Amino acid sequence: MSADRPFPPPAPGRLGGVALVLGGALSVQFGSALAALLFPRTGVAGAVTLRLTLGALLMLVVCRPRVRGHGRADWTAVVAFGLALAGMNSIFYQAIERIPLGPAVTLEVLGPLALSVVGARRAAAWCWAGLALAGVALLGQGGFDRLDPLGAALALLAGAMWAAYIVCSARVGARFPRADGLALALAVAALVTLPVGLLDAGGRLADPAVLGLGAALALLASVLPYSLELAALRRLPTATFAVLMSLGPAIAALAGWSVLGQALHPVEVLAIVLVVAASVGAVRAAAPPSAATPPVVSAATAAPPAPR
């Protein structure tokens, strides 16, 4: 793996691109399930610290970003990106400590969905937003008391941070080559969360078993999905990429059920289906008519994966 090509080459053809996106999505959501398994050992803040610190180290080694030759505006964008990453991860992990993974991601995805609807400026996009709200209402029929109101509110707040992540990612991506900006932003996020994680978990973070789980989490939630999805973006139109990313809530529900034993009520499954359908419709409404060929990635239609 050379310095000029820090990520795996793209698989040939559109089918290969689809497989790369789905592989990245599976990696992210099963990484979140692994994080939930870490909570009893490290606490939420400790798990966040492990994920971000080890993920940052891995990304810095893989990307070897240049730190010279950047102006104040570049570093301001990186710091804002890092703060968005730190907030998104910390708040989302607090949410999945309280509510199942599938509903948590369903609520969280409303953040980028809202960004996509606003960016589309089309009436059809607002119809899809209404369908998403119907899904959330159904999720409430399943019992927000069952989900825990604080956990649901935290998932929604994590979605707002995800939208901020998308905007910051677009700005950093325009200023830094390859994944250099993400690697530097992850380092900022790790520095921000490290003191809280050390206070919360202390010496437990040095336990070999915990470090092993943390390394696996960093690989699943950062390095592997980003490399897979970056390769996919070289082969797929942004609209196709965004539609596939919209399957996140369904994949999260699968990960929560298979890894954490989190069964869902039928009405919650229907709610997830509605939100996934709304997300797919919204990103298609936001896609430009020329999306049949791979254009430059738009913040409103296809963002890089949100490392968690």
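Conventions adopted
Residues numbered from 1 in each chain as written. Predicted model: local features only at pLDDT ≥ 70, side-chain atom pairs only at ≥ 80, totals over all residues. Heavy atoms only, no water. Helix = DSSP H or I, 4+ residues; strand = E, 2+ residues; numbered from the N terminus. Buried < 20%, exposed > 50% of the residue type's maximum accessible area, 1.4 Å probe, protein only. Contact = heavy atoms within 4.5 Å. Areas by Shrake-Rupley, 256 points an atom, 1.4 Å probe, with all protein chains shown as cover. Phe/Tyr/Trp six-rings, centres within 6.5 Å; stacked < 30°, edge-to-face > 60°. pLDDT = per-residue confidence, 0-100. Salt bridge = Lys/Arg side-chain N within 4 Å of Asp/Glu carboxyl O. Axes fitted to C-alpha atoms, helices over the stretch in contact; angles between N-to-C directions. Parallel < 35°, antiparallel > 145°, perpendicular 65-115°, else oblique. Left-handed = near helix turned anticlockwise from the far one by under 90°. Nonpolar A, V, L, I, M, F, W, Y, C, P; charged D, E, K, R; others polar. Core = buried A, V, L, I, M, F, W, Y, C linked by side-chain atoms within 4.5 Å. Patch = residues over 30% accessible without salt bridge, like charges linked within 9 Å, V, L, I, M, F, W, Y side chains within 5 Å.

Topic: the overall build of the protein
Secondary structure assignment for the protein yields 12 helices and 0 strands. Secondary structure of the protein in N-to-C order comes out as α-α-α-α-α-α-α-α-α-α-α-α. Per-residue burial over the protein gives 53% buried out of 308 residues. Taking contacts inside the protein between residues at least 6 apart in sequence as the whole, the part at least 24 apart equals 89%. Within the structure as shown, the protein displays about 12,800 Å² of accessible surface, and the carbon and sulfur contribution to it stands at 69%.

Concerning the environment of Val28
By the element assignment, Val28 lies in helix H1 (residues 13–63). Remark: the alpha-carbon pair of Val28 and Val223, spanning 195 residues in sequence, is separated by 9.9 Å.

Digging into helix H3 (residues 101–108)
Every α-helical turn comprises 3.6 residues, leaving residues that sit three or four positions apart pointing alike. The buried fraction of H3 amounts to 8 of the 8 residues, a majority that puts the element mostly inside the structure. Every buried residue of H3 is listed here: Leu101, Gly102, Pro103, Ala104, Val105, Thr106, Leu107 and Glu108.

Topic: the packing of aromatic side chains
The tally for this structure, following the rule as stated, stands at 4 aromatic pairs. Measuring from ring centre to ring centre gives 5.2 Å for Phe81 and Tyr165, while their planes differ by 45°; the resulting arrangement is tilted. Taken together, the positions of Phe81 in helix H2 (residues 72–96) and Tyr165 in helix H7 (residues 149–175) put the pair 84 residues apart, joining distant regions of the chain. By relative accessible area, Phe81 is classed as buried at 2%.

Side note on the confidence of the model for the protein
Close reading of the predicted structure is inappropriate where its pLDDT is low. For the protein, per-residue confidence averages 79 on the pLDDT scale, and 82% of positions sit at 70 or higher. Highest mean pLDDT in the protein belongs to H2 (93); lowest belongs to helix H6 (residues 144–147) (63). Segment residues 1–12: pLDDT under 50, and 30 contacts once partners within four positions in sequence are set aside and those in other chains are kept. With pLDDT under 50 throughout, residues 290–304 is counted as low confidence; its partners more than four residues away or in other chains account for 36 contacts.

Some details on unusual backbone geometry
Although it is not a glycine, Arg64 sits at a positive phi angle of roughly 45°. Position of Arg64 relative to the elements: it lies in the loop between H1 and H2.

Let's talk about the pattern of salt bridges
Applying the stated criterion across every chain, the model contains 2 salt bridges. Residues Arg98 and Glu97 are paired through a salt bridge, measuring 3.8 Å at the closest nitrogen-oxygen approach. A residue is classified by how much of its surface remains accessible, and Glu97, at 43% relative accessible area, is partly exposed.

Quick look at the packing of H2 against H7
Where H2 meets H7, the closest approach of the two axes is 8 Å, and the angle between their N-to-C directions is 155°. Judged by the angle between their axes, H2 and H7 are roughly antiparallel. Handedness of the H2/H7 crossing: left-handed. Looking at side-chain class alone, the contact of H2 with H7 contains 22 nonpolar, 4 polar and 2 charged residues.

Some points on the environment of Val259
Of note, Val259 is situated in helix H11 (residues 248–260). When its relative accessible area of 33% is taken as the criterion, Val259 is described as partly exposed. In the structure, Val259 is positioned 229 residues away from Phe30 in sequence and 7.8 Å away in space, judged by C-alpha atoms. Those residues within four positions of Val259 in sequence are excluded, and the remaining contacts are Phe30, Ala33 and Leu37.

Concerning the environment of Val167
Note on placement: Val167 falls in helix H7. Of the residues examined, Val167 reaches a relative accessible area of 28% and is grouped as partly exposed. Sequence separation between Val167 and Leu115 is 52 residues; the distance between their C-alpha atoms is 9.1 Å.

Section: the nonpolar core
Ranked by internal contacts, the top residues of the largest apolar core, which has 72 residues, are Met59, Leu85 and Tyr93. A total of 14 residues in this core trace back to one element, the largest contributor, which is H1. Within the second largest apolar cluster, 8 residues are counted, among which are Leu228, Ala231, Ala232 and Leu244.

Focus on the packing of H2 against H3
Relative orientation and spacing of two packed helices are given, respectively, by the angle between their axes and the distance between those axes. Running from amino to carboxyl end, H2 crosses H3 at an angle of 140°, the nearest separation of the two axes being 9 Å. It follows that H2 is oblique to H3 by the angle criterion. Crossing angle aside, the handedness with which H2 passes H3 is right-handed. Each of Met88, Phe92 and Ile96 in H2 lies in contact with H3, whose residues at this interface are Leu101, Ala104, Val105 and Glu108. Per-class residue counts for the contact of H2 with H3 are 6 nonpolar, no polar and 1 charged.

Here we look at a nonpolar patch on the surface
On the surface, a nonpolar cluster with roughly 310 Å² of combined accessible area is contributed by Leu26, Leu254 and Trp257. Of note, Leu26 is situated in helix H1. Exposure remark for Leu26: the relative accessible area of 36% places this residue in the partly exposed category.

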